[in-house]
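Report on the structure
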Amino acid sequence: MSHPLICWDIISEGISRRKDLSTDLSTLNKLMLDNQWHPPVTSLDAQIVWENKTVVVTDKKLKIIYASSNMFNMNGYMPEEVIGKHPSVFQGEATCETAKSKIRAAIQQSQPFECEIINYRKDGSLYNCWIEGYPVYNTAGELVNFIALENSVG
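We now turn to the structure provided with this report. Because the structure is predicted, anything quoted here is derived from the model rather than measured.

Observations concerning the overall build of the protein
- Along its length, the protein carries five helices and five strands.
- Ordered by position from the N terminus, the helices and strands of the protein form the series α-α-β-β-α-α-α-β-β-β.
- The proportion of buried residues among the 154 residues of the protein is 36%.
- When contacts within the protein are restricted to residue pairs at least 6 apart in sequence, those whose partners lie at least 24 apart make up 44%.
- Summing over all exposed atoms, the protein offers an accessible surface of approximately 9100 Å²; the carbon and sulfur share of this is 57%.

Below is the structure:
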């Protein structure tokens, strides 16, 4: 016997995910254009769509200006909850000082980095987060943003 409601639920979930992806990519494209990223970070499409990475963009003072919609699945925060906050909102007592120092040093030197760090979900539970961070420059060569590609590991 067929269960059309179950089939519709599966299709509906796919439609919702595609809508979120489309919104994320449009917003990131606008960010790239508004801030004149050079070179444009075109590989974000693949990072979001195929690798399902969470994208976090900060201004040069490290205030979050954008978080992709799949952040909720990774740590329970809605993207709008973290806008204007510092990425340390995800850290806590169990977060390794060595990892934090590595990230801080890379940011201070405007260098890319990759690091696994213990972060906290909104509910207080821990998760291992793999972060690839990059400085972003505009067409005039000025640092304008930092971008992090993140996913839960382990």
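Comments concerning the pairing of strand β3 (residues 113-120)
- As paired elements, β3 and strand β4 (residues 126-137) share eight bridges and run antiparallel to each other. Each residue of the ladder has a partner; that of E114, found in β4, is E132.
- Between β3 and β4, which pair antiparallel in sequence order, lie five residues; one of them, G124, sits at a positive phi of approximately 95°.

Points about the nonpolar core
- Membership of the largest hydrophobic core comes to 21 residues, with the highest contact counts inside it found for M71, V82, I103, F113 and I131.
- Sort the elements by how many residues they give to this core and helix α5 (residues 97-108) lands first, with four residues.
- Residues in contact with M71, not counting those within four places in the same chain, are T54, V56, G76, Y77, V82 and F90.
- L31, L44, V55 and V57 belong to the second largest nonpolar core, which has 14 residues in total.

Describing unusual backbone geometry
- Even without a glycine there, the phi angle at L62 is positive, about 70°.
- Positionally, L62 belongs in the loop between β1 (54-59) and β2 (64-67).
- In this model, S110 sits at a positive phi of 50°, which is unusual for a non-glycine residue.
- Considering the arrangement of structural elements, one finds S110 in the loop between α5 and β3.

Some remarks on the packing of aromatic side chains
- Summed over all chains, the structure comprises one aromatic pair.
- Here Y77 and F90 contribute two aromatic rings whose centre-to-centre distance is 5.4 Å and whose plane-to-plane angle is 75°, an arrangement assigned as edge-to-face. Residue Y77 is found in the loop between α3 (71-75) and α4 (79-82), and its partner F90 is found in the loop between α4 and α5; the two are separated by 13 residues along the sequence.
- Its relative accessible area of 3% is what places F90 among the buried residues.

Some words on the pairing of β4
- In the sheet, β4 pairs with strand β5 (residues 143-153) via 10 bridges, with the strands oriented antiparallel. Residue pairing across strands places Y134 opposite I147, the latter belonging to β5.
- The hairpin turn running from β4 into β5, its antiparallel successor, is five residues long, and G141 in that turn takes a positive phi close to 85°.

Here we look at the state of the cysteines
- The full count for this structure, using the stated rule, is zero disulfides.
- Summary of cysteine pairing: C96 is not part of a disulfide, and the nearest cysteine sulfur, belonging to C115, is at 7.6 Å.
- You can call C96 partly exposed: its relative accessible area is 36%.

Criteria and cut-off values
- Residues numbered from 1 in each chain as written.
- Predicted model: local features only at pLDDT ≥ 70, side-chain atom pairs only at ≥ 80, totals over all residues.
- Heavy atoms only, no water.
- Helix = DSSP H or I, 4+ residues; strand = E, 2+ residues; numbered from the N terminus.
- Buried < 20%, exposed > 50% of the residue type's maximum accessible area, 1.4 Å probe, protein only.
- Contact = heavy atoms within 4.5 Å.
- Areas by Shrake-Rupley, 256 points an atom, 1.4 Å probe, with all protein chains shown as cover.
- Pairing = 2+ DSSP bridges.
- Core = buried A, V, L, I, M, F, W, Y, C linked by side-chain atoms within 4.5 Å.
- Phe/Tyr/Trp six-rings, centres within 6.5 Å; stacked < 30°, edge-to-face > 60°.
- Disulfide = S-S within 2.5 Å.

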